[in-house]
Amino acid sequence: GGIRCKIVSYNVLAETHEEKTTHGLDPSIASFSSRCMKIADELASWDADIICLQEVDHFDDFYRPLLEQRGYSGVFQKRPNEKID
């Protein structure tokens, strides 16, 4: 018995970190505009009950609407310091 809950934790690589993290990669593969729908497909494939995202910098304009249309509700929690996610 018991309750089963699937939790997915995913680092989506904030656009602000692309240049230093994807140095040398083709921008058509590494840019957020190229990755965003692949990320959406990946998150959907997990069929999670709870999704935790790290390095999020497009919450209100991409992730929130995406997740809401799939039945999730979300909250963005900024780091407690001055670092940019």
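Everything numeric here is computed off the predicted structure, so don't read it as measured data.

### Some points on helix 3 (residues 32–46)
Helix length check: helix 3 (15 residues) gives 20 Å between terminal C-alpha atoms against 21 Å at 1.5 Å per residue, within 8%. Regarding helix 3, the residues found buried are Phe32, Ser34, Arg35, Cys36, Ile39, Ala40 and Leu43. Of the surrounding elements, those touching the buried residues of helix 3 are strand 1 (7–11), helix 1 (18–21), helix 2 (27–30), strand 2 (50–54) and helix 4 (59–69). Where helix 3 terminates, the next one or two residues include Asp47, which has phi positive at roughly 45°.

### A few points about the pattern of salt bridges
All told, the structure shown has two salt bridges when counted by the stated rule. Arg35 serves as the salt-bridge partner of Glu18, at 3.1 Å between the closest nitrogen and oxygen. One end of the pair, Glu18, is in helix 1; the other, Arg35, is in helix 3, and 17 residues separate them in sequence.

### Describing the nonpolar core
Counting residues in each nonpolar core, the largest one holds 15 residues, and the members touching the most others are Val12, Phe32, Ile39, Ile51, Val56, Phe62 and Tyr63. Only helix 3 and helix 4 provide two or more residues apiece to this core. Sequence-distant contacts of Phe62, that is, excluding residues within four places in its chain, are made with Phe32, Cys36, Met37 and Ala40.

About the cut-offs
Residues numbered from 1 in each chain as written. Predicted model: local features only at pLDDT ≥ 70, side-chain atom pairs only at ≥ 80, totals over all residues. Heavy atoms only, no water. Helix = DSSP H or I, 4+ residues; strand = E, 2+ residues; numbered from the N terminus. Expected span 1.5 Å × (residues − 1). Buried < 20%, exposed > 50% of the residue type's maximum accessible area, 1.4 Å probe, protein only. Contact = heavy atoms within 4.5 Å. Salt bridge = Lys/Arg side-chain N within 4 Å of Asp/Glu carboxyl O. Core = buried A, V, L, I, M, F, W, Y, C linked by side-chain atoms within 4.5 Å.

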